[in-house]
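Observations on chain architecture
What follows is the residue order along each chain.
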Amino acid sequence: MYTTDLSGKGKGKAEKAVAEDPALVAAFEARVASDEFIEPKDWMPEAYRKTLVRQMSQHAHSEIVGMLPEGNWITRAPNLRRKAILLAKVQDEAGHGLYLYSAAETLGTSRDEMTEALLSGKAKYSTIFNYPTLTWADIGAIGWLVDGAAIMNQVPLQRTSYGPYARAMVRICKEESFHQRQGYEIMMHLADGTDAQKRMAQDALNRWWWPSLMMFGPPDDKSPNTEQSMRWRIKRDTNDELRQKFVDITVPQAEAIGLTVPDDKLVWNEERGAYDFGEVDWEEFYAVVKGEGPVAKERMQARVKAWEDGEWVRDAARVHAEKRAAAKLAAE
Amino acid sequence: MDAVATYALRLGDDSLILGQRLSEWCGHAPALEVDLSLANVALDQIGQATHFLNLAGELEGKGRDGDALAFRRDVMDFTNCLLVEQPNGDFAQTIARQFLFSHYQELLFTALMASKNATIAAIAAKAVKETAYHAVLASDWVVRLGDGTDESKARMIAGLDWMWRFADELFAMDDVDAAAIKAGVGIDKAALRSSWDTRIDAVLAEATLMRPASRRPVLGGRVGRHSEHLGHLLTEMQFLQRAYPGATW
């Protein structure tokens, strides 16, 4: 899945205050501007490093927290095929988390540090996962809309300037594309099913549509980090551009299966060659970013519980490995 | 159902119920790597279940497929062994269950590759590779937890203690097994016991753990006499099929 950059405003200014050799900065900027990849051992401005760690760890956290709303339906999947697909999909998200944490670790922050930041509430994750999955149709809607939005965000990141991040995204995008299709296929099936199933599908679209549009982040005029991130090729399109693209692609998909996008203001604009659409409820967005999403507490509680309940297991694995290493050393 | 169909059903039910149990861990495991590996094992089990249950339905010949068997039977018609329906408990209890079962399943599938039922032989040939990995995974964790910290050792002992009473059922033989053997389809499970014991004892020794004391076995799963846990598992698993009869998904 995906997270937008949800960091607070103004942090960039403090980071810029660190004195760095202007020649190094200029060489770095030139490399990035010519679309070269920056690799872990290359010199990079501290602010670039921090921004990347923040973005990549938020992205990784989103994958991990994102396992929960869908995991909620694995044990209740309606048949064996759907169960296997959903299990494989949620497992993919765990794998994405793992690549992303590993890629972020190349910048000098450990996975445990990133995890602690998530569990203490210091680090953010995508707001979308703080909404509940109430029916089976939500699993379809998440694949179709949430993974659909994620792909929109992630495809450009395959060309992002930081090499390990870009390479992780290549693999992730392939899997997300499969996730998106499986979600849409669930929705197609429901929309073509009984009245109860149609109702379930429409209800899921009603609830997930606006939160999906929020996944692209605040409007461009309120996105403080966009300019620098675009210059650094950490980001390649603006939030509003991606949001528009998502609407233009998704609305016909909804129509094709007879579902109605819950937006009175939605209309095709011939002149722009794009849909005009209503305003996202930004007050809700900022509230969810602050941790006031409907199931934000449940999500964090589940992550904290898994981490705390698992501590003795991780300790045992570490102690056992130390015992093995000591025994091997003694034998040599 | 005749004996051969029931034989396939039992194989499918074991895999289904264990896969369902393991999938409860998804998103909640002690570490990301563990989450991935438990999901892998769960996926393998669900895959095996799909093949075996579809076969059981075909052999029965009444139009039931794997989904009908998985989602529209009640407790008394489930034929899985009691071991696989046991609750996950803590990670050590989950590993104890996997450890005892995967070694059995690997030996079982190895033998079933010679089944005269070509479908069972083919499923076994594919699944034996999966179960060999499950057995290694579970054994590695038994060793890590048994020879880890004091706490992990105590938990591993408790996990094995919980599961041990259900081990004998894995090797128990009845009329269905006898008829399946006669048909050249099934195998003598009792004959797997000594290999299983050898494997289990070797891992326990490496894990610095004692083999739990023998005790009166708890039996009944093969004929539908289950623990209280299974009904709750089915309630959750079968919810949609029960709530929306006749709908397809």
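Note that the structure is predicted; figures quoted are calculated from it, not measured.

**Regarding the overall build of chain B**
Within chain B, the secondary structure is distributed over 12 helices and zero strands. The order of helices and strands in chain B, counted from the N terminus, is α-α-α-α-α-α-α-α-α-α-α-α. Computed over C-alpha atoms, the radius of gyration of chain B comes to 17 Å, within 12% of the 18 Å expected from 2.2 N^0.38 for 249 residues, which places it in the range of a compact globule. Each principal axis of the C-alpha atoms in chain B carries an extent, and together these give about 55 × 40 × 30 Å. Split into buried and exposed, the 249 residues of chain B put 59% on the buried side. Within chain B, counting contacts between residues at least 6 apart in sequence, those at least 24 apart form 79% of the total. Here chain B displays about 9500 Å² of accessible surface, and carbon together with sulfur accounts for 56% of that area. Distance between charge centroids for chain B: 4 Å, based on 24 positive and 33 negative side chains.

**Focus: the layout of surface pockets**
There is about 640 Å³ of room inside the largest pocket. Surrounding the largest pocket, 30 residues form its lining, Leu68 and Ala302 of chain A together with Glu24, Cys26 and His28 of chain B being those nearest its centre. In terms of residues, the lining of the largest pocket owes the most to one element, helix α13 (residues 296–309) of chain A, which gives seven residues.

**Re a negative patch on the surface**
All names here are of chain A. Together, Glu105, Asp112, Glu113, Glu116, Glu308 and Glu311 make up a region of like negative charge exposed at the surface. The dominant element in the negative patch, judged by the number of residues it contributes, is helix α6 (residues 111–119), at three residues. With respect to the helices, strands and loops of the structure, Asp112 is situated in helix α6.

**Quick look at the packing of helix α5 (residues 80–105) of chain A against helix α7 (residues 136–154) of chain A**
Residues and elements named next belong to chain A. Direction vectors running N to C along α5 and α7 enclose 45°, while the axes themselves pass 13 Å from each other. With respect to each other, α5 and α7 are oriented oblique. As α5 packs across α7, the resulting crossing turns out to be left-handed. Of α7, the residues touching α5 (which contributes Arg82, Leu86, Lys89 and Glu93) are Trp136, Ile139, Gly143 and Asp147.

**Re the interface of chain A and chain B**
On the chain B side, the residues contacting the 45 residues of chain A number 48 residues. A buried area of about 3900 Å², summed over both sides, lies between chain A and chain B, and 69% of it is on carbon and sulfur atoms. The partner of Arg111 of chain A in a salt bridge is Glu33 of chain B, and the shortest N-O contact between them spans 2.4 Å. Counting across the chain A and chain B interface gives 16 residue pairs in polar contact (both at pLDDT 80 or more). Residue assignment for the side of chain A that touches chain B shows that the elements contributing at least two residues are α4 (67–71), α5, α8 (163–191), α9 (195–214), α13 and α14 (311–331) of chain A. For the side of chain A that touches chain B, the per-class residue count stands at 26 nonpolar, 10 polar and nine charged.

**With respect to the environment of Thr106 of chain A**
Residues and elements named next belong to chain A. Examined against the element boundaries, Thr106 turns out to sit in the loop between α5 and α6. Counting along the chain gives 53 residues from Thr106 to Val53, while the straight-line C-alpha distance between them is 9.4 Å. In this structure Thr106 touches Pro40, Tyr162 and Pro164, once residues within four positions along its chain are discounted. A distance of 2.6 Å separates a polar atom in the side chain of Thr106 from a polar atom in the side chain of Tyr162.

**Points about the nonpolar core**
Counting residues in each nonpolar core, the largest one holds 171 residues, and the members touching the most others are Trp136 of chain A together with Leu16 and Phe91 of chain B. Per-element tally for this core: the top contributor is helix α2 (residues 32–60) of chain B, with 14 residues.

**Considering the packing of aromatic side chains**
Each aromatic ring pair is described using two quantities: the centre-to-centre distance and the angle formed by the ring planes. Under the criterion given, the structure shown has 20 aromatic pairs over all chains. Judged by centre distance (5.5 Å) and plane angle (50°), the rings of Trp144 of chain A and Tyr184 of chain A are tilted. In this pair, Trp144 of chain A is assigned in helix α7 and Tyr184 of chain A in helix α8, connecting sequence segments 40 residues apart. The buried category is assigned to Trp144 of chain A, whose relative accessible area is 1%. A ring pair is formed by Tyr104 of chain B and Phe171 of chain B, whose centres lie 5.6 Å apart and whose planes are at 90°; its orientation type is edge-to-face. You can see Tyr104 of chain B sitting in helix α5 (residues 91–112) and its partner Phe171 of chain B sitting in helix α8 (residues 167–171), a full 67 residues away along the chain. Look at Tyr104 of chain B and you get buried, because its relative accessible area is 2%. The cationic tip of Arg76 of chain A hangs over the ring face of Trp73 of chain A; the distance from NZ or CZ to the ring centre is 3.7 Å. Stacked on the ring of Trp307 of chain A, the Lys or Arg Arg314 of chain A has its end atom at 3.5 Å from the ring centre.

Cut-off values and rules
Residues numbered from 1 in each chain as written. Chains lettered and ligands numbered in written order. Predicted model: local features only at pLDDT ≥ 70, side-chain atom pairs only at ≥ 80, totals over all residues. Heavy atoms only, no water. Helix = DSSP H or I, 4+ residues; strand = E, 2+ residues; numbered from the N terminus. Rg over C-alpha atoms; globule rule 2.2 N^0.38 Å. Buried < 20%, exposed > 50% of the residue type's maximum accessible area, 1.4 Å probe, protein only. Contact = heavy atoms within 4.5 Å. Areas by Shrake-Rupley, 256 points an atom, 1.4 Å probe, with all protein chains shown as cover. Lys, Arg positive; Asp, Glu negative; His and termini not counted. Charge placed at Lys NZ, Arg CZ, Asp CG, Glu CD. 1 Å grid on protein atoms, 1.4 Å probe; cavity = no way out; pocket = protein on both sides within 12 Å on 5 of 7 lines; lining within 4 Å. Points joined across faces, edges and corners; volume = space filled by probe spheres on them. Patch = residues over 30% accessible without salt bridge, like charges linked within 9 Å, V, L, I, M, F, W, Y side chains within 5 Å. Salt bridge = Lys/Arg side-chain N within 4 Å of Asp/Glu carboxyl O. Axes fitted to C-alpha atoms, helices over the stretch in contact; angles between N-to-C directions. Parallel < 35°, antiparallel > 145°, perpendicular 65-115°, else oblique. Left-handed = near helix turned anticlockwise from the far one by under 90°. Buried area = accessible area lost by both parts, 1.4 Å probe. Polar contact = N/O pair within 3.5 Å; in protein donor to acceptor, adjacent residues only side chain to side chain. Nonpolar A, V, L, I, M, F, W, Y, C, P; charged D, E, K, R; others polar. Core = buried A, V, L, I, M, F, W, Y, C linked by side-chain atoms within 4.5 Å. Phe/Tyr/Trp six-rings, centres within 6.5 Å; stacked < 30°, edge-to-face > 60°. Lys NZ or Arg CZ within 6 Å of the ring centre and 35° of its normal.

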